[in-house]
Amino acid sequence: MEEQLPAGGAGGDGPCALLPAEALALDGDEDDLEVFSKDASLMDMNSLSPTMPTSPLSMINQVKFEDEPDLKDLFITVDDPESHVTTLETFVTYRVATQTSRGEFDSSEFEVRRRYQDFLWLKGRLEEAHPTLIVPELSAHKKQGPGLLSKVGRTVRAAALALRGVRGRPEEFEAMSGFIEAFSQKMGLLDKVSQRICKEEREYVDEMKELGPTHALWAELEDDLADTLGGVASCLDRCCQATERRLRGLAEALLPVLHEYVLYGEMLTGVMKRRDHIQAELESKVEALTYKKADTELLREEVGKLEDKLECANTALRADWERWRQSMRLDLTSAFAASAERNVRYYEQCLATWESFLATQSDLYAKEPPEDKP
């Protein structure tokens, strides 16, 4: 019996739901691809800046399909990155572990290692079979791409359709497109501002690390102010530690989520373009059928296939869109709420530190003889 693999989206019902197992045979030219993720946890060290945040929603995660009760018997974990160095290249592989109780599998546990380009290849195949399912987060480019004429030859038809656009995009998909554009702009701005805040916080911590020892050295030179200056140095040290914890929370929890959804914005734009391309191709065939008298039977057959393809794409996009929006709301709400709680704790800790110092100084001042008070 032919083995079928789920495509990975909420729109898994109907004729577009499965990817045939033979489609998983690796292409012979897959080694021509240099693959990277915009998430630093998945990138080759030479591909992108090491300052890019690590995302909790990246491939290094456990997928439990919590939103789909009928899929709770399938658990997939991608983790354990491992570097490989050869005479020709350096690359990273990841362990892909699967646990399931489904009867169609030969075993309840599987474990393999795959490299970047394997994940990219799978993503490409899923997008070919299911162009409007939301398959996130990997990007790729050819190390040695084809020549200009070859590129033009392959893309001129798609470019023509894109320039013409679609004439009657349904209102629901028009609304999706507007949401994606606004969402991408907002997430891009949030990501950029948050990255700047993180950088400025790091500079602030570095300055604070110098400020505390400066007061400690000053205390050694001022006997009358030694206790006060020592107390200030201690407060600065504790506040510095609290700021570092806050910075780690920002870098490890909030920034990765924001960056992840910047990538989702780019990916959703691609999904909408693929959906529109199908409609534009259908409109082109319908127009040709209207004015062409010969070969009308073949055109009618092509129109029928494209109508089915468009309906399948629309159905899949509707289902996956709702699933994605629900997940997005939960992720962002959780990230912002956790960030707010960390900020509250940080300011409470700093406030308590300085209030304790002031109380100590007030007690010392109260104990001084009246003649020593200014």
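See the structure printed just above.
Calculation rules
- Residues numbered from 1 in each chain as written.
- Predicted model: local features only at pLDDT ≥ 70, side-chain atom pairs only at ≥ 80, totals over all residues.
- Heavy atoms only, no water.
- Helix = DSSP H or I, 4+ residues; strand = E, 2+ residues; numbered from the N terminus.
- Buried < 20%, exposed > 50% of the residue type's maximum accessible area, 1.4 Å probe, protein only.
- Contact = heavy atoms within 4.5 Å.
- Patch = residues over 30% accessible without salt bridge, like charges linked within 9 Å, V, L, I, M, F, W, Y side chains within 5 Å.
- Areas by Shrake-Rupley, 256 points an atom, 1.4 Å probe, with all protein chains shown as cover.
- Salt bridge = Lys/Arg side-chain N within 4 Å of Asp/Glu carboxyl O.
- Axes fitted to C-alpha atoms, helices over the stretch in contact; angles between N-to-C directions.
- Parallel < 35°, antiparallel > 145°, perpendicular 65-115°, else oblique.
- Left-handed = near helix turned anticlockwise from the far one by under 90°.
- Nonpolar A, V, L, I, M, F, W, Y, C, P; charged D, E, K, R; others polar.
- Pairing = 2+ DSSP bridges.

Enquirer: When you look at the overall build of the protein chain in this model, what are you seeing that I'm missing?
Expert: Across its full length, the protein chain holds 5 helices and 8 strands. Along its sequence from the N terminus, the protein chain presents helices and strands in the succession β-β-β-β-β-β-β-α-β-α-α-α-α. Out of the 374 residues belonging to the protein chain, those deemed buried represent 36%. Long-range pairs, those at least 24 residues apart, make up 66% of the contacts in the protein chain between residues at least 6 apart in sequence.

Enquirer: Which parts of the structure should I look at to understand a nonpolar patch on the surface?
Expert: Residues Trp218, Leu221 and Leu225 make up a contiguous nonpolar surface patch of about 330 Å² in total accessible area. With respect to the helices and strands, Leu225 occurs in the loop between helix 3 (171–221) and helix 4 (226–291). Owing to a relative accessible area of 36%, Leu225 belongs among the partly exposed residues under this scheme.

Enquirer: Sorry, what's going on with the packing of helix 3 against helix 4 here?
Expert: Between two packed helices, the angle of one axis relative to the other and the distance separating the axes together describe the packing. Direction vectors running N to C along helix 3 and helix 4 enclose 160°, while the axes themselves pass 7 Å from each other. When the interaxial angle is binned, helix 3 and helix 4 end up roughly antiparallel. Both helix 3 and helix 4 take part in a crossing whose hand is left-handed. Broken down by class, the residue content of the contact of helix 3 with helix 4 amounts to 31 nonpolar, 12 polar and 7 charged.

Enquirer: Help me understand the pairing of strand 6 (residues 90–100) in this model?
Expert: Across a regular strand the side chains alternate sides, sitting on one face of the sheet and then on the other. Summarising the sheet, strand 5 (residues 74–85) and strand 6 pair through 10 bridges and their orientation is antiparallel. The partner of Val78 across the bridge, within strand 6, is Val96. Remark: 4 residues form the turn of the hairpin made by strand 5 and strand 6, two consecutive strands paired antiparallel. In the sheet, strand 6 pairs with strand 7 (residues 109–115) via 7 bridges, with the strands oriented antiparallel. Paired with Arg95 across the bridge in strand 7 is Arg113.

Enquirer: Is there a simple way to explain the environment of Asp73 in this structure?
Expert: With respect to the helices and strands, the residue Asp73 is situated in the loop between strand 4 (61–63) and strand 5. Placed 26 residues apart in sequence, Asp73 and Gln99 show a C-alpha to C-alpha distance of 7.9 Å. With sequence-adjacent residues up to four places away left out, Asp73 is seen in contact with Gln99, Thr100, Ser101 and Arg102.

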